[in-house]
Amino acid sequence: MTSLSDPRVRDFLLQGTRTGMLAYTASDGRPLAAPVWFVVEDGDIVFNTGASTAKGRSIARDPRVALTVDLPEPPYAFVQVQGEAVVSEDPDELVRTATAIARRYMGPERAEEFGRRNGVPGELAVRLRPTRVVSAFDMVG
């Protein structure tokens with residue numbers, strides 16, 4: 001089993017603007033998945049979501065989630081991070097994480113703008129603390 005401290009896993013997760021697919025469960029137990037922008041920080045996957053969204057409500061009910069990031073063209077690869085989500089509604093943490101995520105996906109010139117826009121009351125800063133990391137690289141090699 002690998003971990004987020006594995007350089008190959010970290011590099012894969014941090015390359016470019018890959019979107020993660022977050023898997024969680026609906027209130028009736030149905031499996032759901034939704035795209036999220038994320039960063040890797042202190043051994044965790046960090047993303048933001050609204051407290052009243054399906055993701056936010058699901059995490060409040062059951063913090064067990066999984067995030068999969070893939071490379072959809074040759075040589076094909078993926079990393080799946082399974083774990084428990086820990087949330088924060090701290091205003092400073094919301095702005096900080098939203099800004100870090102925006103820096104990755106929107107660029108440094110728009111990071112603060114999106115950080116202020118997305119780091120507001122009603123949002124959650126979510127840390128996915130890994131319990132298991134599964135990866136496969138160069139799947140055609």
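Keep in mind it's a predicted model, so treat the numbers as computed, not measured.

Definitions and cut-offs
- Residues numbered from 1 in each chain as written.
- Predicted model: local features only at pLDDT ≥ 70, side-chain atom pairs only at ≥ 80, totals over all residues.
- Heavy atoms only, no water.
- Phe/Tyr/Trp six-rings, centres within 6.5 Å; stacked < 30°, edge-to-face > 60°.
- Helix = DSSP H or I, 4+ residues; strand = E, 2+ residues; numbered from the N terminus.
- Buried < 20%, exposed > 50% of the residue type's maximum accessible area, 1.4 Å probe, protein only.
- Lys NZ or Arg CZ within 6 Å of the ring centre and 35° of its normal.
- Patch = residues over 30% accessible without salt bridge, like charges linked within 9 Å, V, L, I, M, F, W, Y side chains within 5 Å.
- Areas by Shrake-Rupley, 256 points an atom, 1.4 Å probe, with all protein chains shown as cover.
- Salt bridge = Lys/Arg side-chain N within 4 Å of Asp/Glu carboxyl O.
- Lys, Arg positive; Asp, Glu negative; His and termini not counted.
- Polar contact = N/O pair within 3.5 Å; in protein donor to acceptor, adjacent residues only side chain to side chain.
- Contact = heavy atoms within 4.5 Å.
- UniProt positions renumbered as here; feature names shortened; annotations may be inferred.
- Core = buried A, V, L, I, M, F, W, Y, C linked by side-chain atoms within 4.5 Å.

Undergrad: Any chance you could explain the packing of aromatic side chains here in plain terms?
TA: Where two aromatic rings form a pair, the distance of their centres and the angle of their planes describe that pair. On inspection of all chains with the given rule, the structure shows two aromatic pairs. Centroid distance phenylalanine 12 to phenylalanine 137: 5.6 Å. Interplanar angle 70°. Geometry classified as edge-to-face. Placement of phenylalanine 12 in helix H1 (residues 7-14) and of phenylalanine 137 in the segment after strand E7 (123-136) is noted, with a sequence separation of 125 residues between them. Of the two residues, phenylalanine 12 and phenylalanine 137, both sit in the buried class. Note on tryptophan 37 and tyrosine 105: the rings are 4.7 Å apart at their centroids and 5° apart in plane angle, and the pair reads as stacked. Of this pair, tryptophan 37 sits in the loop between strand E2 (31-36) and strand E3 (39-41) while tyrosine 105 sits in helix H3 (residues 91-106), and the two are 68 residues apart along the sequence. For arginine 18, the ring lying beneath its charged end belongs to phenylalanine 12, and the centroid distance is 4.1 Å. Sitting over the ring of phenylalanine 38, arginine 104 keeps its end group 4.7 Å from the ring centre.

Undergrad: Even after reading the chapter, I still don't get a nonpolar patch on the surface, so can you show me in this structure?
TA: On the surface, a nonpolar cluster with roughly 290 Å² of combined accessible area is contributed by Tyr76, Met139 and Val140. Checked against the element boundaries, valine 140 lands in the segment after E7. The exposure class assigned to valine 140 is exposed, which follows from its relative accessible area of 52%.

Undergrad: Would you take a moment to explain the side chain of arginine 104 for this structure?
TA: Among the secondary structure elements, arginine 104 is positioned in helix H3. Among buried charged residues, arginine 104 stands out as having no salt bridge; its nearest opposite-charge side chain is aspartate 11, 11 Å away. Engagement of the side chain of arginine 104 in a polar contact is seen with the backbone oxygen of glycine 16, the distance being 2.9 Å. Beyond its immediate sequence surroundings of up to four residues, arginine 104 is in contact with Leu13, Leu14, Gln15, Gly16, Thr17, Arg18, Phe38 and Val39.

Undergrad: What's the story with the UniProt feature "domain: Pyridoxamine 5'-phosphate oxidase N-terminal" (unreviewed entry) in the protein in this structure? I'm lost.
TA: Annotation from UniProt places "domain: Pyridoxamine 5'-phosphate oxidase N-terminal" (unreviewed entry) at residues 7-133. As annotated, residues 7-133 comprises 31% helix and 42% strand, and the C-alpha atoms at either end are separated by 13 Å.

Undergrad: What should I look at first to understand the nonpolar core in this one?
TA: One broad trend across soluble globular proteins is that nonpolar side chains are buried collectively. If you look at the biggest cluster of nonpolar residues, it comprises 30 residues, and the most contacted ones within it are Leu13, Phe38 and Ile45. Those residues in contact with leucine 13, other than ones at most four positions away along the chain, are Leu4, Phe38, Val40, Ile45, Val69, Val79, Val81 and Arg104.

Undergrad: Is there a simple way to think about the side chain of arginine 18 in this case?
TA: As for its position among the elements, arginine 18 is in the loop between H1 and strand E1 (20-25). Buried and without a salt bridge, arginine 18 has glutamate 73 as its closest oppositely charged side chain, separated by 5.8 Å. Among the polar contacts made by the side chain of arginine 18, one reaches the side chain of glutamine 15 at a distance of 3.1 Å. Setting aside residues up to four positions removed in sequence, arginine 18 forms contacts with Phe12, Phe38, Val69, Asp70, Leu71, Arg104 and Tyr105.

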